[in-house]
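Chain by chain, the residues:
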Amino acid sequence: MSRERGTWSPSASTLNKAKAVMSAAEMSGNLYRNGLGMIASENIVSPMVQKIVASDLHGRYAEGLPGKRYYQGCDDFDTIESAGIELARSVFNAPFANIQSTSGTVSNIGALKALAKPGDEITAVSTADGGHISHARMGAVGLRDLNLSTYPWNEERMEPDIDGACDLIRSVQPKVALIGQSVFLFPTPLKEIADAAHEVGAKVMYDGAHVLGLIAGGVFQDPLREGADVMTGSSHKTFPGPQGGFLLSSSEDPTFQKKLNNAIFPGVCSSYHLHHVAGKVIALAEFEEYGESYAKDIVKNARHFAQALAAEGFDVLAESRGYTASHQVLTRHGSTDSGAGAKAAQLLEDAGIITNMNMLPGDTKALTPSGLRLGVQELTRVGMGALEMEEVARLYARVLIQGEDPSQVKKDVSELKSNFQIIRYCFNDEEQNGYLL
Ligand code: DSN
């Protein structure tokens, strides 16, 4: 086919492929609009964030820091990023904030670049116990060629065994003591670990990806005051911004701060998705206004949901600790490595409830785990409370305990969700209290 410049009309098959992609994206949106999004690492962004993410910034470049750029045309973006750095410092109560990283994992790679050299030792939670893949040799830790030792795990308390972790740190003498998980039910007793780490000259890195909104909302723990030197995190989980990352520090030392900034650019990012940075800034402003009540409501809902699931007959982990102190709830659906978690997740999806299978203590295979990890941050964001948590637990029971046909349950899921179509905890326009999904 000859293509005259500027006049190319795509062949039907190319156009159809693009249309199929557009339609798949719309259907994905409908899945969540009519269903219950309960993946603990996801959230929905406010309409103002959606708008700025779709702005002209999506195609622009910036490198460096505000006022010190390698490209022209950045003055307005400098205003945005400077406001964002100030807001992040305030929202996370951090002397240092870098808001450029494009994901939590990228923040982790950057932090590990700043804190360690290839061949150094690192201690972290194992992926089997809920550590993130970037804490493992298969991920960022391996990319940086660090020698990993993992903390012993206290299954009853669902946290590192603190004495064991401190002993490990004292014996391995790592450069980095990494704390934090993707399965994150309870705050980590950080002070003891930080004391042991600092005693052997290690830096403490806290991965707050999942719980960043809860930390900023003052309802989880305060890592930067409890001994963490650096805190990394995602901007799109309990912190309800667009996908991206943060790198924060308790350090006032300009040389260390420069090292952290350099680790992101030029360390691991060239340009850094300016539209998402701008979205993070709006989300930070919204969080400053509404974050505290959002965080409180998330934890209240998670506890209530866990109790309601237990009352329905589910095996909910960590009963002795009140099930959860975060946005997450863990349920066991069969024996170790049985794949019961995968089957449960599929049945729930057939009923319009979107979750993820998850390894629980004892499981060794990521694709056939026994459990589910559930998050209530998205349901909370559209205004669901205690009554709805009970209703959702009943819907789970109909599918997974009573064995009802998921397609029947799906109708009631959709009916429930139809009453929760407004995004809360964000700036409103003049006509309505919140925005339609
Ligand atoms: N793997 C994601 C999670 O769901 O926890 C985090 O990157």
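Computed from a predicted model, the values in this text were never measured in an experiment.

## A short note on the site of the ligand
Alright, step 1. The local shell around the ligand consists of Ser41, His132, Ser182, His210, Lys237 and Arg373.
Alright, step 2. Take His210: an N or O atom from its side chain is 2.7 Å from an oxygen atom of the ligand.
Alright, step 3. For the ligand, the accessible surface in isolation is 240 Å², of which the surrounding protein chains cover 64%.
Alright, step 4. In terms of residue class, the shell around the ligand is made up of no nonpolar, 4 polar and 2 charged.

## Notes on the packing of aromatic side chains
Alright, step 1. Taken as a whole, this structure holds 13 aromatic pairs when the rule is applied.
Alright, step 2. With 5.4 Å between their ring centres and 70° between their planes, Phe305 and Tyr396 make a pair best called edge-to-face. Pair noted here: Phe305 is in helix α11 (residues 274-312) and Tyr396 is in helix α14 (residues 386-400), with a separation of 91 residues, a long-range link. Summarising the burial analysis for this pair, Phe305 and Tyr396 share the class buried.
Alright, step 3. Three or more aromatic residues link up through ring pairs in this structure, and these residues are Phe92, Phe239, Phe246 and Phe287.
Alright, step 4. Over the face of the ring belonging to Phe256 we find Lys203, whose NZ or CZ atom lies 4.9 Å from the ring centre.
Alright, step 5. Lying across the ring of Phe186, Arg321 places its NZ or CZ 4.1 Å from the centre.

## Some remarks on the packing of helix α3 (residues 75-91) against α11
Alright, step 1. At their nearest, the axes of α3 and α11 sit 9 Å apart, and the two run at 40° to each other. With respect to α11, the element α3 is oriented oblique. For the crossing formed where α3 meets α11, the hand is left-handed. In contact with Phe77, Ile80, Ala83, Gly84, Leu87, Ala88, Ser90 and Val91 of α3, α11 contributes Leu274, Val277, Ala278, Val281, Leu284, Ala285, Phe287 and Glu288.

## Comments concerning unusual backbone geometry
Alright, step 1. Along the chain, Phe265 connects to Pro266 via a cis peptide bond; the corresponding omega equals 10°.
Alright, step 2. Along the chain, Pro266 falls in helix α10 (residues 254-268).
Alright, step 3. Even without a glycine there, the phi angle at Tyr323 is positive, about 75°.

## Re the pattern of salt bridges
Alright, step 1. The tally for this structure, following the rule as stated, stands at 16 salt bridges.
Alright, step 2. Between Glu159 and Arg321 there is a salt bridge, and its shortest N-O distance comes to 3.1 Å. Pair noted here: Glu159 is in strand β8 (residues 159-160) and Arg321 is in the loop between β13 (315-316) and β14 (328-332), with a separation of 162 residues, a long-range link.
Alright, step 3. The exposure class of Arg321 is partly exposed, given its relative accessible area of 26%.
Alright, step 4. Here Arg332 makes a salt bridge to Asp315, at a shortest N to O gap of 4.0 Å. In this pair, Arg332 is assigned in strand β14 and Asp315 in strand β13, connecting sequence segments 17 residues apart.

## Some thoughts on the pairing of strand β17 (residues 371-375)
Alright, step 1. The element β17 is largely enclosed, with a buried count of 5 among its 5 residues.
Alright, step 2. Because side chains alternate across β17, one face comprises the buried residues Gly371, Arg373 and Gly375, and the other comprises Leu372 and Leu374, equally buried.
Alright, step 3. As judged from the 3 bridges shared by strand β16 (residues 356-358) and β17, these two strands associate in the antiparallel manner. Residue pairing in the sheet places Asn356 in a bridge with Arg373 of β17.

So, how was this worked out
- Here, residues in each chain are numbered from 1, in the same order as that chain's written sequence.
- Only residues with pLDDT of at least 70 get local features here, since the model is predicted, and only at 80 or more are side-chain atom pairs given and counted; chain-wide, interface and lining totals rely on the full set of residues.
- To get the side-chain values, take all heavy atoms of the structure and skip hydrogens and water.
- By convention in this text, a residue qualifies as near a molecule or strand provided that one of its non-hydrogen atoms is within 4 Å of it.
- Counted as a polar contact is a pair of N or O atoms within 3.5 Å, where, for protein atoms, one must be capable of donating a hydrogen and the other of accepting one, and residues adjacent in sequence contribute only when both atoms are in side chains.
- Surface exposure here means Shrake-Rupley accessible area, sampled with a 1.4 Å probe, where a residue is shielded only by the protein chains that are shown.
- Residues are grouped as follows: Ala, Val, Leu, Ile, Met, Phe, Trp, Tyr, Cys and Pro are nonpolar; Asp, Glu, Lys and Arg are charged; every other residue, Gly included, is polar.
- Any two of the Phe, Tyr and Trp rings considered here, Trp counted by its six-membered ring, make a pair once their centres fall within 6.5 Å; the pair's planes then place it as stacked at under 30 degrees, edge-to-face at over 60, or tilted in between.
- Helical segments are the DSSP runs of H or I of at least four residues, strand segments are the runs of E of at least two, and each set is numbered from the N terminus.
- Residue burial is assigned from relative accessible area. The probe radius is 1.4 Å, only protein chains are included, and a residue is buried under 20% of its type maximum, exposed over 50%, and partly exposed in between.
- For a ring to carry a charge above it, either NZ of a lysine or CZ of an arginine must fall within 6 Å of the ring centroid while also lying within 35 degrees of the normal to the ring plane.
- Angles shown run from 0 to 180 degrees and are taken between the N-to-C directions of axes, each axis being a line fitted to C-alpha atoms and, for helices, limited to the stretch in contact.
- Each angle is binned into one of four classes, with values under 35 degrees roughly parallel, values over 145 roughly antiparallel, values of 65 to 115 roughly perpendicular, and all other values oblique.
- Should the near helix be turned counterclockwise from the far one by less than a right angle, the crossing is left-handed, whereas a clockwise turn marks it as right-handed.
- Should any heavy atoms of two residues lie within 4.5 Å, those residues are counted as being in contact.
- By definition here, a salt bridge exists when the distance from a side-chain nitrogen of Lys or Arg to a carboxyl oxygen of Asp or Glu is within 4 Å.
- Here, a strand pair is defined by DSSP locating no fewer than two bridges between the strands.

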